[in-house]
Amino acid sequence: FKYKIVYLSVLVYFAVDLLIAPSHLIEEIYTHAILQYDEMHSIQLNLMSFLAVVMACIFSYFYFAKAKKSYKSTFMIGFMAIILYLLMMYLMLDYQTSFEVLAISIMFRNFGYVVISIVLLTGLTKVPFPHFFQALTIQMMMSAACGTAITGAILHHMFSHSLTENFQLLTMNMDRVNPQLWSYTSDQLAVMIPQQALLETFKELYGVLVLISFVLLILFVCYRYPY
């Protein structure tokens, strides 16, 4: 941890894992509970995700390895792709979100994450060889295990709190005195209210992550990287 690239990469992985944490919780609930996707749609989304990984590797090879572009410029391209993913999900999340829009946003997410991973992994070449594999282990533990678990737990806590709050707000004025509810049966309301509460919670969490991503973007832009 005395090497700057080691502790910086751990912090960056934690921040990026927090921004893509919805992929482990929100997207699964959204595609099944709101959009009612079947297994075939899930397989197609996974294929698009894999295509984004391949595209990120090809891009990194030609832009980062062959063209010798800087670490920071390559990293910023990957980070901007993650911001695009968050913005698309925040602005276009709805009951009628098309499959194409969802697939493109997921592709942006995977593309950005792979590009950032390649940059951070390449950065470890600055660590002397006797300590290289120790540094590699630390970085991979954060990216593959600790980061996903910790950020997923944080988002799950935020999700539970926000869902309860939104459900209470939506049902605050729901009684038979309210004329807007006279045309709905109890069974219809029992389906509509939880779905609307979920959608409001998704929007709220993506909005928070968008704000965090903009703060991080400012920090990364202002950070003076010597290479």
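Keep in mind that what you see is a predicted model, and the values were worked out from it rather than measured.

(A) Up close: unusual backbone geometry. Even without being a glycine, Gln36 presents a positive backbone phi close to 60 degrees. Mapped onto the elements, Gln36 comes out in the loop between helix H2 (26-34) and helix H3 (39-66). Exposure remark for Gln36: the relative accessible area of 53% places this residue in the exposed category. Within the chain, Lys68 stands out as a residue other than glycine whose phi angle is a positive 60 degrees. Its place among the elements puts Lys68 in the loop between H3 and helix H4 (71-92).

(B) Region of the structure containing the layout of surface pockets. The volume enclosed by the largest pocket comes to roughly 400 Å³. Together, 16 residues line the largest pocket, and Leu8, Val12, Phe75, Phe220 and Tyr223 are the ones closest to its centre. Contributing elements (two or more residues each) for the lining of the largest pocket: helix H1 (4-19), H4, helix H5 (99-123) and helix H7 (186-222). By residue number, the principal contributor to the lining of the largest pocket is H1, which donates 5 residues. Broken down by class, the residue content of the lining of the largest pocket amounts to 13 nonpolar, 2 polar and 1 charged.

(C) How the structure looks around the side chain of Asp17. Relative to the assigned elements, Asp17 resides in helix H1. For Asp17, which is buried and forms no salt bridge, the nearest opposite charge comes from Arg109, at a distance of 9.7 Å. The residues touching Asp17, leaving out its near neighbours within four places in the chain, are Tyr113, Met142, Ser143, Gly147, Thr148 and Thr151.

(D) Structural context of helix H6 (residues 129-170). Between its first and last C-alpha, H6 extends 58 Å over 42 residues, near the 62 Å set by a 1.5 Å rise per residue. For H6, the principal kink sits at Met142 and spans about 50 degrees. Along H6, the residues classified as buried are Phe132, Ala135, Gln139, Met142, Ser143, Gly147, Thr151, Leu155, Phe159, Ser162 and Asn166.

(E) Representation of the environment of Asp38. Its location among the elements puts Asp38 in the loop between H2 and H3. Among the polar contacts made by the side chain of Asp38, one reaches the side chain of His41 at a distance of 2.7 Å.

(F) Inspection of the packing of aromatic side chains at higher detail. On inspection of all chains with the given rule, the structure shows 14 aromatic pairs. Their ring planes at 80 degrees and their centres at 5.7 Å tell us that Phe129 and Phe133 sit as a pair that is edge-to-face. Taken together, the residues Phe129 and Phe133, both in helix H6 and 4 residues apart, mark about one turn of the helix. The class for Phe129 is exposed, based on a relative accessible area of 61%. Cluster of aromatic residues (ring-pair linked, three or more members): Tyr30, Phe159 and Phe202. If you follow Arg109 out to its NZ or CZ, it ends over the ring of Tyr85, 5.6 Å from the centre. Above the plane of the ring of Tyr90 lies Lys203, whose end atom (NZ or CZ) is 5.7 Å from the centre.

(G) A look at the pattern of salt bridges. Enumeration according to the criterion identifies 1 salt bridge in this entry. Among the ionic pairs, Arg109 bridges to Glu27, the shortest N-O distance being 2.6 Å. Pair noted here: Arg109 is in helix H5 and Glu27 is in helix H2, with a separation of 82 residues, a long-range link. Taken as a pair, Arg109 and Glu27 share a single burial class, namely buried.

What counts, and where the lines are drawn
- Residues numbered from 1 in each chain as written.
- Predicted model: local features only at pLDDT ≥ 70, side-chain atom pairs only at ≥ 80, totals over all residues.
- Heavy atoms only, no water.
- Helix = DSSP H or I, 4+ residues; strand = E, 2+ residues; numbered from the N terminus.
- Buried < 20%, exposed > 50% of the residue type's maximum accessible area, 1.4 Å probe, protein only.
- 1 Å grid on protein atoms, 1.4 Å probe; cavity = no way out; pocket = protein on both sides within 12 Å on 5 of 7 lines; lining within 4 Å.
- Points joined across faces, edges and corners; volume = space filled by probe spheres on them.
- Nonpolar A, V, L, I, M, F, W, Y, C, P; charged D, E, K, R; others polar.
- Lys, Arg positive; Asp, Glu negative; His and termini not counted.
- Salt bridge = Lys/Arg side-chain N within 4 Å of Asp/Glu carboxyl O.
- Contact = heavy atoms within 4.5 Å.
- Expected span 1.5 Å × (residues − 1).
- Bend = angle between axes of the 7 residues up to and from the residue.
- Polar contact = N/O pair within 3.5 Å; in protein donor to acceptor, adjacent residues only side chain to side chain.
- Phe/Tyr/Trp six-rings, centres within 6.5 Å; stacked < 30°, edge-to-face > 60°.
- Lys NZ or Arg CZ within 6 Å of the ring centre and 35° of its normal.

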